[in-house]
Amino acid sequence: MSVELVEVVRSGFRECVHRGSLVILDAHGEPTHQLGEVHVPIFPRSTNKPMQAITLLRNGFEPVDEAELAIATASHFGEPDHVALVQRLLDRFGFPEKALECPPDLPFEERARAAALTGDEPRRIYMNCSGKHAAMLATCSINGWPTEGYLDETHPLQRAVIANVTELTGEPETDLGIDGCGLPIIPVSLMNLARAFATMATAEPGTPPRRVADAIRAHPRVISGTNAPDLLAMAATPGLVCKIGADGVHAGALPDGRAFAYKIDDGHDRARMPLTLAILQRMGVDWTEAHTELAAQPVLGGGARVGVIRTIPGVL
C-alpha cells in the first residue's frame, strides 16, 4: 500500500496529508529506498514525454537546436517563448495550427493566461503538450506517414513510441490508456520509470536518449515555465534531468545514474517540491540554500506564513 509522505501543517495543526509511493535508485540501478507500490504500473503521464521524444529522434526528426528538442518534451506553460517555439516547428514543416490534434486550451501561466483571455479563445498551440504534437507531425511528414489520426495507437508513429517505451522501461506491452492530450499512454511501474530516466541520463553522448536528457538540462524553462517544479529543481541541482507528470507523478536522474520516481495518490501539486527536494537530499546532492528554500513550502494565512508543507519527518 502507499504510505504517508507529505503533510500540511497550519498554525501547528496537521491539516492535510498526502500519501504515495516512491523509489530511489543508486548508480547501479538498485533501489536504496522504496516506499509503497513501486512495482505496480501507473500511468506515467508527461514523464512519458522524454521517451516519446527519443522515438522521434530515432525516426528521423532532427531539431534545429536543443530548444526545439526540449519543446518536444515539454509540459509548457503557454508563455510567449513556448508558443513561438511550437509555431516555429509547425512553420518549418508547413503545418497549420489546426493540424495539431491536442485539445484547445488556455496558457497555464497566470500572466500569459490573462493576456489570452483579453482577446483570444482557447487554442491548440497553448495546450501544454503542443510541442510534442508538433514534433510528432514533423516526424510523420519525414517518414511519409499519415498526419491525420496520428493519435491512434495503430498509427505507425504510435507503434514506434510503444515499442520504444517498452524497450526503455522493460515493461511488457499491455492495455493502453489515453493521456490528457489524447495520445496513447503505457502503464509503467515507478521502479522501471526511474530506471528509464537513469538510462537517459547516462547514455553515450550524441545518442537519442542522451540528446533528450541534455536538451532538458539545457532548457529547463522550455520544458516547463515560470516557477515550475522542474525549472526550480534543475536550477538548484546541476546535472539533474527531471520531468513532472500530471496527477502527482515525477521522475528524474543525476549524471551518474542515481534516479527516482514517485506518485502522489491524490495528485495534488503542492506535495511535489517538498518530496522532490527530500529525495534529492536523500540521494546525496550538494545541498544549497536554494534547496533549503524549496524543501519547505509555506502555508499562508492572510498573506503571512502560518505553516509549512513538508515531507513527513523520518519518512526519508
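Everything discussed here concerns the structure shown above.
Values in this document were obtained by computation on a predicted structure and should not be read as measured data.

## Quick word on unusual backbone geometry
Excluding glycine, most residues fall at negative phi; most peptide bonds, likewise, are trans. Backbone geometry at Arg45 places phi at a positive 50 degrees, although glycine is not the residue there. Take Arg45: it is sitting in the loop between strand 3 (31-35) and helix 1 (49-58).

## A closer look at the packing of aromatic side chains
Tallied over the full model, the rule gives two aromatic pairs. Measuring from centroid to centroid gives 4.7 Å for Phe77 and Phe108, while their planes differ by 55 degrees, and the two rings are tilted. Taken as a pair, Phe77 in the loop between helix 2 (66-71) and helix 3 (80-92) and Phe108 in the loop between helix 3 and helix 4 (110-117) lie far apart in primary sequence, 31 residues in all. Given the relative accessible area of 12%, Phe77 is considered buried. Looking at Arg123, its charged tip hangs above the ring of Tyr126, at a distance of 5.1 Å from the centre.

## With respect to the layout of surface pockets
Approximately 910 Å³ is the volume found for the largest pocket. Phe77, Phe108, Pro229, Ile244 and Asp269 are the residues nearest the centre of the largest pocket, which is lined by 36 residues in total. Listing elements by their share of the lining of the largest pocket, those giving two or more residues are helix 4, helix 9 (229-236), strand 6 (241-245), helix 10 (272-283) and strand 9 (297-301).

## Overview of the environment of Ala135
Along the chain, Ala135 turns up in helix 5 (residues 130-143). With 62 residues separating them in the primary sequence, Ala135 and Phe197 have C-alpha atoms 21 Å apart. Every residue in contact with Ala135, bar those within four places of it in the chain, is listed here: Leu56, Phe61, Ala72 and Leu89.

## Looking at helix 8 (residues 208-218)
Every buried residue of helix 8 is accounted for by Pro209, Val212, Ala213, Ala215 and Ile216. Looking straight down helix 8, one finds its buried side chains confined to an arc of 160 degrees; they lie on one side. Check the buried side of helix 8 and you find it contacts helix 1, helix 2, helix 7 (190-202), helix 9 and strand 6.

## What about the side chain of Glu109?
Summarising the element assignment, Glu109 is placed in the loop between helix 3 and helix 4. There is a polar contact of 2.8 Å between the side chain of Glu109 and the backbone nitrogen of Ala112. Once residues lying within four places of it in the same chain are set aside, the contact partners of Glu109 are Phe77, Glu79 and Thr226.

## Some thoughts on the environment of Ala218
If you trace the backbone, Ala218 turns up in helix 8. Classification of Ala218 by relative accessible area gives partly exposed; the value is 41%. Along the sequence, Ala218 and Glu109 sit 109 residues apart, while their C-alpha atoms lie 21 Å from each other.

## Details of the packing of helix 9 against helix 10
At a minimum axis distance of 11 Å, the contact between helix 9 and helix 10 shows a crossing angle of 25 degrees. Between helix 9 and helix 10, the angle is such that the two are roughly parallel. In this structure, the crossing between helix 9 and helix 10 has a hand that is right-handed. Where helix 9 approaches helix 10, its residues Pro229, Leu232 and Ala233 are matched on the opposing element by Arg272, Met273 and Thr276. Here the contact of helix 9 with helix 10 is built from residues that sort into four nonpolar, one polar and one charged.

## A word on empty space enclosed by the protein
Tallied over the full model, the rule gives one cavity of 30 Å³ or more. If you add up the space inside the largest cavity, you get close to 50 Å³. As for the largest cavity, its lining consists of Asn48, Gln52, Gln158, Val161, Ile162, Val165, Pro184, Ile185 and Ile186. Here the element with the most residues in the lining of the largest cavity is helix 6 (residues 156-169); it accounts for four residues. Across the lining of the largest cavity, the residue classes break down as six nonpolar, three polar and no charged.

## Here we look at the pattern of salt bridges
All told, the structure shown has 19 salt bridges when counted by the stated rule. Arg221 is the partner of Asp81 in a salt bridge, and the nearest nitrogen-oxygen pair spans 2.9 Å. Here the residue Asp81 occupies a position in helix 3, and Arg221 occupies one in the loop between helix 8 and helix 9, the gap between them amounting to 140 residues. Owing to a relative accessible area of 30%, Asp81 belongs among the partly exposed residues under this scheme.

## Comments concerning the environment of Val38
Along the chain, Val38 falls in the loop between strand 3 and helix 1. What makes Val38 buried here is its relative accessible area of 2%. Sequence separation between Val38 and Asn192 is 154 residues; the distance between their C-alpha atoms is 8.7 Å. With sequence-adjacent residues up to four places away left out, Val38 is seen in contact with Leu22, Val23, Ser189, Leu190 and Met191.

Cut-offs applied
- Residues numbered from 1 in each chain as written.
- Predicted model: local features only at pLDDT ≥ 70, side-chain atom pairs only at ≥ 80, totals over all residues.
- Heavy atoms only, no water.
- Helix = DSSP H or I, 4+ residues; strand = E, 2+ residues; numbered from the N terminus.
- Phe/Tyr/Trp six-rings, centres within 6.5 Å; stacked < 30°, edge-to-face > 60°.
- Buried < 20%, exposed > 50% of the residue type's maximum accessible area, 1.4 Å probe, protein only.
- Lys NZ or Arg CZ within 6 Å of the ring centre and 35° of its normal.
- 1 Å grid on protein atoms, 1.4 Å probe; cavity = no way out; pocket = protein on both sides within 12 Å on 5 of 7 lines; lining within 4 Å.
- Points joined across faces, edges and corners; volume = space filled by probe spheres on them.
- Contact = heavy atoms within 4.5 Å.
- Arc of directions from axis to C-beta.
- Polar contact = N/O pair within 3.5 Å; in protein donor to acceptor, adjacent residues only side chain to side chain.
- Axes fitted to C-alpha atoms, helices over the stretch in contact; angles between N-to-C directions.
- Parallel < 35°, antiparallel > 145°, perpendicular 65-115°, else oblique.
- Left-handed = near helix turned anticlockwise from the far one by under 90°.
- Nonpolar A, V, L, I, M, F, W, Y, C, P; charged D, E, K, R; others polar.
- Salt bridge = Lys/Arg side-chain N within 4 Å of Asp/Glu carboxyl O.

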